[in-house]
Amino acid sequence: MRVDEGETRLAAFGGSAAVPRELRSLPWPVVTEADRAAVLAVLGGDAMVSNVDGETAVSALEQRWAALCGAEHCVATSNGTTALALAFAALGIGPGDEVVVPALSFIASGLAPLHQMAVPVFADIDPVDFTLDAESAAALITPRTAAIMPVHLHGAPADMDAIGALARRHGLAVVEDAAQAHGARWRGRPVGSLGDAAAFSLQVTKNLPTCGEGGLLTLADADAAGRARMARQFGEVIEPGRDRDYVAHLLGWNHKMNAVQAAFALSQLDRFAEYERARQRNVTAFLARLAELPGLLVPTIAPDSKHAWHILRFRFDAEAMGVDGVTPESLRRALHRLLRAEGVPVSRYQVLTLPRQRVFTDRVGFGRGRPWSGAAPEPSAPVPVAESVVAGTLTLQKRHLHPEAGPALARYADGFEKVWRRLDLVARMAKVA
Ligand SMILES: Cc1ncc(COP(=O)(O)O)c(C=O)c1O
């Protein structure tokens, strides 16, 4: 059969794009009548804040999330960043302490310790799953280290066996940043129950979204959960059946979750397992096709574990692609241009490693060098793996979250295959990029 030249010619060079426009951006979150009704029910009731008596949407969400994660306690918060900060506050981590954080993450992973006046110290990551490398973390431990924060980046669970062992050896708290990893599992155990505390984000682009901002903090210890609950609400103790007395018992903030956010998230939670199954199916089929392409390294899953597939990050092996004499940046730039022209909505996620962010390089903290003064005089340790991942990889975000993303993903795979048929052009472009 004669193949039409328009279909094989790359779109960047005048061919037709592999992905039709309507499949380049899929809606997320999926908002149903049930979600709308749940929000309206809150607006019609008298439980719009979390300090009212009895069961509220906020307390119902906390109970369901704790059960789902196999965690003892859950405290709902205004967002994932406040959930992380409250975790440190509840575990007594603050001024004079250091927290080991992976060098590749969203900025909030580095900011949250800082918000408690603790110093984040950045460790390198694993080159395959992009999560905290336990050996690199071990090399950074000092007498000031108080906690270690694995980030289950993109939905891949960090190596919690190695991190747990390291924490036990040095008596460190473990705070999981599970903002991107709802439903992920490490060796059969759900994230959110693998350390002392874990923070989830319900920000609208996440796998479990609310209609805006929200967070969930799970904790293992009852006293720490009590402190988190108080710190969330000005340091006060709110008890059922007792009038609020406005007495603050510890340093508190206003990090409460709104009942509208909770009701929307609860309604989404009713469909979470169904969406998650569809996502596993769609993403697995998509990655299986891409894995056939030489030098395209797709995300993988550790044995007996579950990836939440929040973000899909692709690595490129120039040698296996038969593309030599190019830098990782120029190869990534060429692929980015060619894939985007085909309508494959790949993008970058994080253009800087955390230690390169100005807030850390310039020590823009609370002024006059705080909280760093005297705590960490040396510059950050090098993080070559995180740097190379930032330089040489591309991601797919949000499009694959929709439960009916299968057909769009199939077209994206067509786009990849089309570009891979012209690796000669990729090489030429990468050499001049
Ligand atoms: C890894 C990670 N940590 C923390 C956060 C902070 O969550 P939020 O945006 O809800 O404050 C995010 C949000 O994107 C994240 O991706």
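As annotated in an unreviewed UniProt entry, the protein chain carries the name Aminotransferase and is attributed to Saccharothrix espanaensis. The record in UniProt for the protein chain states the following under Sequence similarities (unreviewed entry): "Belongs to the DegT/DnrJ/EryC1 family."

Q: Honestly, the sheet that holds strand 12 (residues 346-347) in this entry has me stumped. Any pointers?
A: Sheet strands line up and pair through hydrogen bonds in the backbone, either parallel or antiparallel. A sheet is described by the order of its strands in space; here four strands give the open sequence 10-11-13-12, paired in antiparallel fashion. The open sheet has two edge strands, strand 10 (296-297) and strand 12, and neither has a second partner. Inspection of the sheet shows strand 11 (residues 311-316) paired to strand 13 (residues 394-397) by four bridges, in the antiparallel sense. In the sheet register, Phe 314 faces strand 13, and the bridge partner there is Leu 394.

Q: What is the right way to look at the site of the ligand in this model?
A: Near the ligand you find 16 residues, and of these Gly 80, Thr 81, Asp 177, Ser 201 and Lys 206 are the closest. The contact in question runs from an oxygen atom of the ligand to an N or O atom on the side chain of Thr 81, over 2.5 Å. In the environment of the ligand, an oxygen atom lies 2.9 Å from a nitrogen or oxygen atom belonging to the side chain of Gln 180. Considering the ligand on its own, with 390 Å² of exposed area, one finds that the protein chains cover 93% of that surface. For the shell around the ligand, the elements supplying multiple residues, two or more each, are helix 4 (80-90) and helix 5 (107-115). Here the residues of the shell around the ligand sort into five nonpolar, nine polar and two charged.

Q: Teacher, can you tell me more about the packing of helix 11 (residues 328-341) against helix 15 (residues 423-432) here?
A: In a packed pair of helices, the relevant descriptors are the angle between the two axes and the axis-to-axis distance. At a minimum axis separation of 8 Å, helix 11 and helix 15 run at an interaxial angle of 125°. The pairing of helix 11 with helix 15 is recorded here as oblique in orientation. Crossing geometry of helix 11 relative to helix 15 is assigned as right-handed. Contacts from Ser 330, Leu 331, Ala 334, Leu 335, Arg 337 and Leu 338 in helix 11 reach Val 426, Met 429 and Ala 430 in helix 15.

Q: Looking at this structure, I do not really get the packing of helix 3 (residues 57-69) against helix 9 (residues 259-291). What am I missing?
A: Helix 9 packs onto helix 3 with a crossing angle of 40° between their chain directions and a minimal axis gap of 8 Å. Looking at the two axes, helix 3 sits oblique to helix 9. Every pair of crossing elements has a handedness; the one defined by helix 3 and helix 9 is left-handed. Residues Ala 57, Val 58, Ala 60, Leu 61, Arg 64, Trp 65 and Leu 68 of helix 3 form the contact with helix 9, whose own contacting residues are Ala 259, Ala 262, Ala 263, Ala 265, Leu 266, Leu 269 and Asp 270.

Q: Could you clarify how one ought to interpret the sheet that holds strand 1 (residues 73-77) in this entry?
A: Judged by pairing direction, the sheet is mixed, and its seven strands sit side by side in the order 1-9-8-5-4-2-3 without closing on themselves. Each edge of the open sheet carries a strand with a single partner, namely strand 1 and strand 3 (119-123). Ignoring which end each strand starts from, the neighbouring axes of this sheet average 25° apart. Those strands touched by helix 4 are strand 1, strand 2 (98-102), strand 4 (145-148), strand 5 (173-177), strand 8 (197-201) and strand 9 (215-219), and its axis lies near 165° from that of strand 8.

Q: How should I be thinking about empty space enclosed by the protein in this particular structure?
A: Any space left empty among the atoms is revealed by the rolling of a water-sized probe across them. Under the definition given, this model contains one cavity of 30 Å³ or more. Together, Val 128, Asp 129, Phe 130, Leu 153, His 154, Ala 156, Pro 299, Thr 300, His 307, Ile 311 and Arg 313 line the largest cavity. Of the residues in the lining of the largest cavity, the class split is six nonpolar, three polar and two charged.

Q: In this structure, what is going on with the environment of Phe 314? I would like to understand it.
A: Its location among the elements puts Phe 314 in strand 11. Along the backbone, Phe 314 and Leu 296 are 18 residues apart, and their C-alpha atoms lie at a distance of 6.9 Å.

So, how was this worked out
- Residues numbered from 1 in each chain as written.
- Predicted model: local features only at pLDDT ≥ 70, side-chain atom pairs only at ≥ 80, totals over all residues.
- Heavy atoms only, no water.
- UniProt positions renumbered as here; feature names shortened; annotations may be inferred.
- Pairing = 2+ DSSP bridges.
- Helix = DSSP H or I, 4+ residues; strand = E, 2+ residues; numbered from the N terminus.
- Near = heavy atom within 4 Å.
- Polar contact = N/O pair within 3.5 Å; in protein donor to acceptor, adjacent residues only side chain to side chain.
- Areas by Shrake-Rupley, 256 points an atom, 1.4 Å probe, with all protein chains shown as cover.
- Nonpolar A, V, L, I, M, F, W, Y, C, P; charged D, E, K, R; others polar.
- Axes fitted to C-alpha atoms, helices over the stretch in contact; angles between N-to-C directions.
- Parallel < 35°, antiparallel > 145°, perpendicular 65-115°, else oblique.
- Left-handed = near helix turned anticlockwise from the far one by under 90°.
- Contact = heavy atoms within 4.5 Å.
- 1 Å grid on protein atoms, 1.4 Å probe; cavity = no way out; pocket = protein on both sides within 12 Å on 5 of 7 lines; lining within 4 Å.
- Points joined across faces, edges and corners; volume = space filled by probe spheres on them.

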